[in-house]
Amino acid sequence: MNLYKAQRIRFSFIPISLSQIGLILKQQTLDVSNLRIKIGNHTFNDLFESGFDCLNPQTYRRSDNSLRSLFFECNSVNGTIVVSSTCSWASLLYQISHSIEQGIYDFWISDLKTEDEACNFFTYIENAKTQRAFYSMKDPRWKFYQCGIPLWFENLEYYKERIIGRRVNRAILTEYCHALNLEIEKDAFWEIKGDSIIYEYYWEK
């Protein structure tokens, strides 16, 4: 399943191995009773409830009173990819970044051709803090925002574009992914090979 073909997708790249991620997540499950971790062969079907959710994953829904994140090894560069069953579980990234020396790259990519309310967003998280963020968003009018020191792969000329929606868009974020060797438009990038991790927060119905 190539999530790049979805109307909108949010995913993160963590430049450490899946085994290292597993150790961090296991420790968190010891500290919080309603967290659990499942290591094994998983697919995106374990994350999404329906085909619609796969196509429009910003509106992830789960009827079983849980939030889930799927961690799997990146196929184009050493590191781990994470996709969550809800875009609101960003706090998980900050918790992980507190335990590692490297930063986390968080991408929110929209296809402007199919959305009335578009958002193309990037955040770089390090030491549990937002070090860099920028976005172009339509809600309901176009807005552009940025904070922090630009990263080495950014083209600052893009942010001078008169039309706000073109300052940060799908093509630009895809270009930035390529700078990180993340070949997100290719089917192989989204293939889950070998073990992966489902990390789940659940509550009583």
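Our structure is the block above this text.
What counts and what doesn't
Residues numbered from 1 in each chain as written. Predicted model: local features only at pLDDT ≥ 70, side-chain atom pairs only at ≥ 80, totals over all residues. Heavy atoms only, no water. Core = buried A, V, L, I, M, F, W, Y, C linked by side-chain atoms within 4.5 Å. Buried < 20%, exposed > 50% of the residue type's maximum accessible area, 1.4 Å probe, protein only. Helix = DSSP H or I, 4+ residues; strand = E, 2+ residues; numbered from the N terminus. Contact = heavy atoms within 4.5 Å. Phe/Tyr/Trp six-rings, centres within 6.5 Å; stacked < 30°, edge-to-face > 60°. Lys NZ or Arg CZ within 6 Å of the ring centre and 35° of its normal.

**Q** Help me understand the nonpolar core in this model?
**A** One broad trend across soluble globular proteins is that nonpolar side chains are buried collectively. In this structure, Phe11, Phe107, Leu182 and Trp190 are the most contacted members of the largest nonpolar core, which totals 33 residues. Among the elements of the structure, strand E1 (8-14), strand E3 (66-73), strand E4 (80-84), strand E5 (104-110), strand E6 (119-126) and helix H4 (170-179) are those that each provide at least two residues to this core. No other element matches H4, which puts four residues into this core. Aside from chain neighbours lying at most four places away, what touches Phe11 is Ile81, Val82, Val83, Tyr105, Asp106, Phe107, Ile109, Cys177, Leu182, Ile184, Phe189 and Trp190. Counting 17 residues, the second-largest nonpolar core is a separate cluster that includes Leu18, Ile24, Phe71 and Ile197.

**Q** Looking at this structure, I do not really get the packing of aromatic side chains. What am I missing?
**A** The geometry of an aromatic ring pair is captured by the separation of the ring centres together with the interplanar angle, meaning the angle of the planes. Here the structure, examined in full by the defined rule, presents 21 aromatic pairs. Note on Tyr105 and Phe153: the rings are 6.4 Å apart at their centroids and 50 degrees apart in plane angle, and the pair reads as tilted. Remark: Phe153 occurs in the loop between strand E8 (142-148) and H4 and Tyr105 occurs in strand E5; sequence separation between them is 48 residues. No difference in accessibility class separates Tyr105 from Phe153, as the two residues are buried. Positioned over the ring face of Tyr4 is Arg170, at 4.0 Å from the centre of the ring.

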